[in-house]
Each structure stands twice: as structure tokens, then as C-alpha cells.
Amino acid sequence: MKLSLRGAGVLALALLVQACATHPPPLPGHVWSGRLGVRSDAAPGQPARSMSGQFELSGSASSGQLILTSPIGTTIARARWSDPIGSQGAPSRIELEADGASTRYATLEDMMQRAIGDQLPLAAMFDWLEGRPWPAAAAVRGADGRSFDQLGWHVDLSQLADNRLIDAQRPLPPPALRVRVKLDAAEPAASAASAS
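Model, not experiment: these values are computed from the prediction. (Residues numbered from 1 in each chain as written. Predicted model: local features only at pLDDT ≥ 70, side-chain atom pairs only at ≥ 80, totals over all residues. Heavy atoms only, no water.)

With respect to the overall build of the protein chain
Consideration 1: Broken down by element type, the protein chain carries five helices and eleven strands.
Consideration 2: A total of 196 residues make up the protein chain; the buried ones form 35% of that total.
Consideration 3: Contacts in the protein chain between residues at least 24 apart in sequence constitute 39% of all its contacts with a sequence separation of at least 6.
Consideration 4: Just so you have it, the protein chain exposes about 10,900 Å², and 58% of that area is on carbon and sulfur atoms. (Helix = DSSP H or I, 4+ residues; strand = E, 2+ residues; numbered from the N terminus. Buried < 20%, exposed > 50% of the residue type's maximum accessible area, 1.4 Å probe, protein only. Contact = heavy atoms within 4.5 Å. Areas by Shrake-Rupley, 256 points an atom, 1.4 Å probe, with all protein chains shown as cover.)

This is how it looks when you write it as C-alpha cells:
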């Protein structure tokens, strides 16, 4: 009996290690990693909900990758986008791998709706994580110089320098949404560093 329980434990550990080992490498460019928390208020016909886990974002708004993992390190979803077109470089190929299936989407917002349950402005997040507004949309800076409003979101950077924490809130349209990002580090990807 002890042997079969031990064998089951070893098998479970091997499966967990295998799930972690298949984590793809980041794309060239900056790599942001850390903890992501998303919370939405209750709305008519929709209960309040929240999710949290680790994330890794690499590349750029026109060609990049987002990996979401559970608190124990299992990959929940992987999104990749590429083939930019137009003056803004919007990606034309957007894919999300989740629940054992790969699905293509027309926009990054639609893909994020499926990945986390709401349309986060992923293209803008590359700049927001650097502590600045996205240059492709109008922004209003706060009087304190440590926050700004853009795309219907209020982005609070007051804890970025000391705690590597960004707090973004979108009051409208309902349900109100709050996103908190606790960054681990922002370093150039190894492939980008070797290319320069």
C-alpha cells in the first residue's frame, strides 16, 4: 500500500514538472513577469469575480506572447500574436491556447476576454508596465504626476518605484474592473540582448 501511494506521488510530481518544463521561452524584447490579480464588481445578471496568478509578458504590442500560470505554476493559457499590419502595427494573427485547444481571435481585446474574462487593453499594457501612458491614445496625467487616465482606465503608479506595484481601475462600463500587477523584474530577453 505504501509503495502505490509513493508511486502515485512520484507520478503526480513528474506530471507537474512536465507541465512546468513545457513553458515556452520569452520572445525577443522586454520581459515582464510577476503576479496579476483581476477583480470585477457584481453587475446585473453577473456575480462579482476574481482571478489571480503569475504572468509573463514578452515581445511587443505588435508581436508578443503572454503566459498565464496558476499559483502552483501550471500553465493556464498561452497567447501569441504576430504579423503586424497598418500604421499602428496591430497584429493580424492572434492565438490563444487554453483548455487543450488553440483558438484564433480578431483582436487582442477579444483574446483577453477569453483568457481572463474581460477586455484588458493588452497593447497599452506594454507602456503601462514601464510606468508611462500608451502613446497611441490620449492620456490625462494626474496632478501628482504618479497616475494617469487612459482608455477609460485610471492607472496608479504611486507604488511602482518602491514596491513594483501598478493598480489600474476601470469604473465604466459596468461591471467595474480592477487590475493589480506586482512586477518581479523587467529585463531584456536573452535573445534580444545577444542580437544587439
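Let's pick the thread back up.
Looking at the pairing of strand S4 (residues 75–85)
Consideration 1: Note that strand S3 (residues 64–69) and S4 share six bridges and pair antiparallel. Each residue of the ladder has a partner; that of Gly 64, found in S4, is Trp 81.
Consideration 2: Linking S3 back to S4 in an antiparallel pair, the connection comprises five residues, with Gly 73 at a positive phi of about 100 degrees.
Consideration 3: Summarising the sheet, S4 and strand S5 (residues 90–98) pair through eight bridges and their orientation is antiparallel. Bridged to Ala 77 within S5 is Ala 98. (Pairing = 2+ DSSP bridges.)

Notes on the pattern of salt bridges
Consideration 1: Going through the model one piece at a time under the given rule, you end up with eight salt bridges.
Consideration 2: As a salt-bridge pair, Arg 93 and Glu 95 come within 3.0 Å of each other at their nearest N and O atoms.
Consideration 3: What makes Arg 93 partly exposed here is its relative accessible area of 33%.
Consideration 4: On the basis of relative accessible area, Glu 95 is assigned to the partly exposed category, the value being 24%. (Salt bridge = Lys/Arg side-chain N within 4 Å of Asp/Glu carboxyl O.)

Regarding the nonpolar core
Consideration 1: Phe 55, Leu 57, Leu 66, Trp 81, Met 111, Leu 122 and Val 181 are the most contacted members of the largest nonpolar core, which has 38 residues in total.
Consideration 2: Excluding residues within four positions of it along the chain, Phe 55 makes contact with Trp 32, Ser 33, Gly 34, Arg 35, Leu 36, Leu 66, Ile 67, Leu 68, Leu 129, Val 181 and Leu 183. (Core = buried A, V, L, I, M, F, W, Y, C linked by side-chain atoms within 4.5 Å.)

Brief notes about empty space enclosed by the protein
The rolling of a water-molecule-sized probe over the atoms marks out the regions of remaining empty space.
Consideration 1: On inspection of all chains with the given rule, the structure shows three cavities of 30 Å³ or more.
Consideration 2: Here the largest cavity is characterised by a volume of approximately 100 Å³.
Consideration 3: Around the largest cavity sit Leu 36, Phe 55, Leu 57, Leu 66, Met 112, Leu 120, Leu 122, Met 125, Leu 129 and Val 181, which together line it.
Consideration 4: Breaking the lining of the largest cavity down by element, the ones donating at least two residues are strand S2 (49–59) and helix H3 (122–128).
Consideration 5: Its boundaries defined by the atoms lining it, the second largest cavity holds a volume of some 70 Å³.
Consideration 6: If you go around the second largest cavity, the residues you meet are Leu 120, Met 125, Trp 128, Leu 129, Trp 153, Ile 166, Ala 168, Val 179 and Val 181.
Consideration 7: Elements with a contribution of two residues or more to the lining of the second largest cavity: H3, strand S10 (165–170) and strand S11 (177–188). (1 Å grid on protein atoms, 1.4 Å probe; cavity = no way out; pocket = protein on both sides within 12 Å on 5 of 7 lines; lining within 4 Å. Points joined across faces, edges and corners; volume = space filled by probe spheres on them.)

Description of the layout of surface pockets
Consideration 1: Taken as a whole, the largest pocket holds about 440 Å³ of empty space.
Consideration 2: Looking at which element gives the most residues to the lining of the largest pocket, the answer is H3, with five residues.
Consideration 3: A class-by-class count of the residues in the lining of the largest pocket yields 16 nonpolar, five polar and three charged. (Nonpolar A, V, L, I, M, F, W, Y, C, P; charged D, E, K, R; others polar.)

Overview of the confidence of the model for the protein chain
Consideration 1: Mean pLDDT over the protein chain stands at 83; residues scoring 70 or higher make up 79%.
Consideration 2: Across residues 1–21, confidence stays below pLDDT 50; counting only partners more than four residues off in sequence or on other chains, it has four contacts.
Consideration 3: Per-residue pLDDT stays below 50 along residues 188–196; that stretch engages in ten contacts with residues further than four places along the chain or on separate chains. (pLDDT = per-residue confidence, 0-100.)

Side note on the packing of aromatic side chains
Consideration 1: Counted under the stated rule, the structure contains four aromatic pairs.
Consideration 2: Taken together, a centroid distance of 5.6 Å and an interplanar angle of 80 degrees make the contact between Trp 32 and Phe 126 edge-to-face. Within this pair, whereas Trp 32 is found in strand S1 (residues 30–40), its partner Phe 126 is found in helix H3, the two being separated by 94 residues in sequence.
Consideration 3: For Trp 32, a relative accessible area of 3% corresponds to the buried category.
Consideration 4: Pairing Trp 81 with Phe 126 gives two aromatic rings, centres 6.4 Å apart and planes at 75 degrees, and the pair type is edge-to-face. Taken together, the positions of Trp 81 in strand S4 and Phe 126 in helix H3 put the pair 45 residues apart, joining distant regions of the chain. (Phe/Tyr/Trp six-rings, centres within 6.5 Å; stacked < 30°, edge-to-face > 60°.)

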